[in-house]
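Chain residues, written in single-letter form:
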Amino acid sequence: MTYDFQAFPAPAKLNLMLKVVGRRPDGYHLLETVFRFIDFADTVEIAATDDGVVELVNPTPGVPVETDLTVRAARALQEASGSAKGARIRLTKRIPMGGGLGGGSSDAATVLLALNRLWGAGFSRERLMELGLKLGADVPVFVFGRNAFATGVGEELTELDLPEAWYVVLHPGVHVPTAKIFSSPLLTRDSRPSIMRTLETTQQRRNDLQAAVLAEFKEVDSALSELAKYGPALMTGSGSCVFLECESQDQANTVFRTVSEKYDGFVAKGLASHPMFDRV
């Protein structure tokens with residue numbers, strides 16, 4: 001059977017700041033972080049059907065279909081909305097897995113946003129964010145659709161206006177397991193919460209997970225050290241990708257030409273909003 005696929009973007013994110021400010025009784029860590037969308041994205045193609053079947057037609061190697069976030073997102077919306085419709089999903093990955101760029105979460109959010117419209121579910125952005133949180137802590141910000149200051153486990157979001165910037169992003173070639181880093185004895189869990197949130201969070205450049213990752217993964221340490229030759233480089237999320245913020249595309253391209261001799265990576269522009277922000 002031939003399906004009518006439509007293509008939707010699933011952008012990557014950077015954490016411009018990430019602090020661990022505490023821990024809940026259930027073990028989840030309390031965070032403060034700044035999410036920034038960038039114009040480097042996966043592509044999620046979706047064909048809505050009437051057969052009630054949700055299928056990922058090109059499974060990611062090593063990821064069981066039933067655990068793939070795109071499939072879980074579609075089924076979560078299907079169940080919550082009571083829709084009898086189905087979907088065929090085709091995923092083109094560009095965002096490295098295990099790199100701290102939010103690729104899986106972004107893919108899931110794009111499925112929620114796209115199918116909400118294709119199926120005529122009519123859910124609000126807030127309702128989609130609630131569904132997304134059950135899939136992963138980073139999913140809500142991609143549904144929220146704006147650069148944001150996040151607290152809680154990452155789901156309490158305040159929109160931020162961030163200046164235009166370009167980023168050099170390097171992938172050291174290793175997959176960092178998030179759970180391993182959050183259980184590390186080297187992890188700082190008592191950083192001081194921000195008081196003047198907008199001022200502090202847009203000026204700080206720190207990541208409380210970075211020390212634990214650098215101690216465990218020398219490849220990340222090496223990539224960060226290389227990029228730090230050109231400015232205040234930082235790791236995003238729980239790694240493994242590292243990035244440098246630049247004022248212009250020319251500056252970013254100049255740095256990348258040099259560091260790309262040793263490392264895979266890319267240059268990306270910071271976005272003001274998710275490219276699907278207006279599709280709710």
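Please read all numbers here as calculations on a predicted model, not as lab measurements.

J.: An account of the pairing of strand β6 (residues 156-159) is requested, with residue identities and associated values reported.
T.: Here strand β5 (residues 148-151) runs beside β6; their pairing, made up of 4 bridges, is antiparallel. In the sheet register, Ala150 faces β6, and the bridge partner there is Leu157. Hairpin connection from β5 to β6: 4 residues lie between these consecutive antiparallel strands, with Gly152 at a positive phi of about 70°.

J.: Give me the lowdown on the pairing of strand β2 (residues 29-49), citing residues and values where you can.
T.: Among the 21 residues that make up β2, 17 are buried, leaving the element largely enclosed by the rest of the structure. Summarising the sheet, strand β1 (residues 6-23) and β2 pair through 15 bridges and their orientation is antiparallel. What sits directly across from Gly22, in β2, is Leu30. Note that β2 and β5 share 3 bridges and pair antiparallel. Paired with Phe35 across the bridge in β5 is Ala148. Bridging between β2 and strand β4 (residues 86-92) involves 7 bridges; their strand directions are antiparallel. Paired with Glu45 across the strands is Arg90, a residue of β4.

J.: Tell me about unusual backbone geometry, and name the residues and values.
T.: Here the bond from Gly239 into Ser240 is cis, since omega is 15°, no more than 30 degrees from zero. If you trace the backbone, Ser240 turns up in the loop between β8 (234-235) and β9 (242-246).

J.: Requested: an account of the environment of Leu131, with residues and values cited.
T.: With respect to the helices and strands, Leu131 occurs in helix α3 (residues 125-135). Considered as a pair, Leu131 and Ala73 are 58 residues apart in the sequence and their alpha carbons are 8.0 Å apart. Every residue in contact with Leu131, bar those within four places of it in the chain, is listed here: Ala76, Leu77, Ala80 and Phe123.

J.: I'd like to hear about the sheet that holds strand β10 (residues 264-269), residue by residue, with values.
T.: Spatially, 4 strands are ordered β8-β9-β7-β10 in an open sheet, and the strand pairing comes out antiparallel. With partners counted over all chains shown, the strands left at the sheet margins are β8 and β10, one partner each. Inspection of the sheet shows strand β7 (residues 166-171) paired to β9 by 5 bridges, in the antiparallel sense. Counterpart to Trp166 in the pairing with β9 is Cys246. Against the sheet, helix α8 (residues 218-227) contacts β7, β8 and β9, and its axis sits at roughly 15° relative to β9.

J.: Just give me the short version of the UniProt feature "binding site: ATP" (unreviewed entry) in the chain, but keep the residues and values in it.
T.: The UniProt feature table records "binding site: ATP" (unreviewed entry) at Pro96, Met97, Gly98, Gly99, Gly100, Leu101, Gly102, Gly103, Gly104, Ser105 and Ser106. Of the annotated positions mentioned, Pro96, Met97, Gly98, Gly99, Gly100, Leu101, Gly102, Gly103, Gly104 and Ser105 line the largest pocket. Mapped onto the elements, Gly100 comes out in the loop between β4 and α2 (103-118). For Gly100, a relative accessible area of 16% corresponds to the buried category.

J.: Describe the packing of helix α1 (residues 69-81) against α3, and please don't skip the residues or the numbers.
T.: Where α1 meets α3, the closest approach of the two axes is 10 Å, and the angle between their N-to-C directions is 135°. Between α1 and α3, the angle falls in the class oblique. Judged by the twist between their axes, the crossing of α1 over α3 is right-handed. Seen from α1, the contacting residues are Leu69, Arg72, Ala73, Ala76, Leu77 and Ala80; seen from α3, they are Arg127, Leu128, Leu131, Lys134 and Leu135. Here the residues of the contact of α1 with α3 are counted per class, giving 8 nonpolar, no polar and 3 charged.

J.: Mind laying out α3, listing which residues take part and the relevant values?
T.: Within the sequence span of α3, burial applies to Arg125, Leu128, Met129, Leu131, Gly132 and Leu135. Each buried residue of α3 sits inside an arc of 165° when the element is viewed along its axis, so together they form one side. What points out from α3, more than 90 degrees from its buried face, is the exposed set Glu126 and Lys134.

Conventions and cut-offs
- Residues numbered from 1 in each chain as written.
- Predicted model: local features only at pLDDT ≥ 70, side-chain atom pairs only at ≥ 80, totals over all residues.
- Heavy atoms only, no water.
- Pairing = 2+ DSSP bridges.
- Helix = DSSP H or I, 4+ residues; strand = E, 2+ residues; numbered from the N terminus.
- Buried < 20%, exposed > 50% of the residue type's maximum accessible area, 1.4 Å probe, protein only.
- Contact = heavy atoms within 4.5 Å.
- Axes fitted to C-alpha atoms, helices over the stretch in contact; angles between N-to-C directions.
- UniProt positions renumbered as here; feature names shortened; annotations may be inferred.
- 1 Å grid on protein atoms, 1.4 Å probe; cavity = no way out; pocket = protein on both sides within 12 Å on 5 of 7 lines; lining within 4 Å.
- Parallel < 35°, antiparallel > 145°, perpendicular 65-115°, else oblique.
- Left-handed = near helix turned anticlockwise from the far one by under 90°.
- Nonpolar A, V, L, I, M, F, W, Y, C, P; charged D, E, K, R; others polar.
- Arc of directions from axis to C-beta.

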